Amino acid sequence: MTVAVSADLAKQLDKAYEEKTVAELLDAPVAALAGVSEGDAEKLDAAFGIKTVRDLGTNKYFRLAAALNDLDAATK
């Protein structure tokens, strides 16, 4: 089954990544995300082994934090 998704991600991405596919974005370095500097990316790699956007999105600590936030929002 194929699901079409439309989203304007331009404001959330570094300019060089605005026209990339989702697959390309997931394999991009975390610095492709707007607001994440090369220095931030180095620290994420050193602390958690996070090199790509996919690594960030699948990191167990970040997923837990997001889930907790979602639970909190659902109770309000």
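Rules behind the numbers
Residues numbered from 1 in each chain as written. Predicted model: local features only at pLDDT ≥ 70, side-chain atom pairs only at ≥ 80, totals over all residues. Heavy atoms only, no water. Core = buried A, V, L, I, M, F, W, Y, C linked by side-chain atoms within 4.5 Å. Buried < 20%, exposed > 50% of the residue type's maximum accessible area, 1.4 Å probe, protein only. Contact = heavy atoms within 4.5 Å. Helix = DSSP H or I, 4+ residues; strand = E, 2+ residues; numbered from the N terminus. Polar contact = N/O pair within 3.5 Å; in protein donor to acceptor, adjacent residues only side chain to side chain.

Draft legend 1. Just the nonpolar core, in detail. Counting residues in hydrophobic clusters, the biggest one holds 6 residues: Val30, Ala31, Ala41, Leu44, Ile50 and Leu56. In contact with Ala31, other than residues within four places in its own chain, are Asp14, Val36, Ser37, Glu38 and Ala41.

Draft legend 2. Structural context of the side chain of Asn59. Along the chain, Asn59 falls in the loop between helix 3 (53-58) and helix 4 (60-74). Of the polar contacts made by the side chain of Asn59, one reaches the backbone nitrogen of Phe62; its length is 3.1 Å. Setting aside residues up to four positions removed in sequence, Asn59 forms contacts with Phe48 and Ile50.

Draft legend 3. Up close: the environment of Ile50. Structurally, Ile50 is set in the loop between helix 2 (38-48) and helix 3. Residue classification places Ile50 among the buried residues on the basis of a relative accessible area of 1%. The spacing of Ile50 and Ala66 is 16 residues in sequence and 16 Å in space, taken between C-alpha atoms. Ignoring any residue separated from it by four or fewer positions in sequence, one finds Ile50 in contact with Val30, Ala41, Leu44, Asp45, Asp55, Leu56, Asn59 and Phe62.

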